[in-house]
Amino acid sequence: MPKGIPNKRYTPEFKVMVVETMRKEKLSYCEAARQFEVSDSKRIASWERIYLTEGPEGLAIERRGRASAASGTRKGRPAKLPLKVEEDLIAENQRLRAENDYLKNLQALVLEDERKARKKRW
């Protein structure tokens, strides 16, 4: 691609029209790309996938670029665990750490009492 020429952007209405026409007239991706002057047939394939999974409103969502942490949008691989399960695991981990600290302190107190009892015997 020549330097200084921006990538072509397509409106959500155009994308919906392309996908619906393609499905209604039973066009292939290549035929639809040629008819609507879209640069790549893979782009139409991705539009159709989004259209079938999310509906026509899914084509209006901006999907370019890296997600920002500030906006809260998250792209890429989804979280491995649901948020509720993750929160439960964090709470259990905190409880177990507190219990572990308590048992360590208890053991130190028991050892101290035993040392004092030995000293008193002599």
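Here, every reference points to the structure presented above.
Description of the structure in this document. None of these values were measured; they are calculated from a predicted model.

### Considering the pattern of salt bridges
Right, on to step 1. Summed over all chains, the structure comprises four salt bridges.
Right, on to step 2. With a closest N to O distance of 3.4 Å, Lys84 and Asp88 form a salt bridge. Here Asp88 and Lys84 lie together in helix α4 (residues 83-121), a separation of four residues that amounts to about one turn.
Right, on to step 3. Lys84 sits in the exposed class, given a relative accessible area of 54%.
Right, on to step 4. Assessed through its relative accessible area of 40%, Asp88 is described here as partly exposed.
Right, on to step 5. For Glu99, the salt bridge is made with Arg95, and the minimal N-O distance between the two is 3.4 Å. Placement of both Glu99 and Arg95 in helix α4 is noted, with a separation of four residues, approximately one turn of the helix.
Right, on to step 6. In this structure Arg95 comes out as partly exposed when scored by relative accessible area, which is 47%.

The rules behind the values
- Residues numbered from 1 in each chain as written.
- Predicted model: local features only at pLDDT ≥ 70, side-chain atom pairs only at ≥ 80, totals over all residues.
- Heavy atoms only, no water.
- Salt bridge = Lys/Arg side-chain N within 4 Å of Asp/Glu carboxyl O.
- Helix = DSSP H or I, 4+ residues; strand = E, 2+ residues; numbered from the N terminus.
- Buried < 20%, exposed > 50% of the residue type's maximum accessible area, 1.4 Å probe, protein only.

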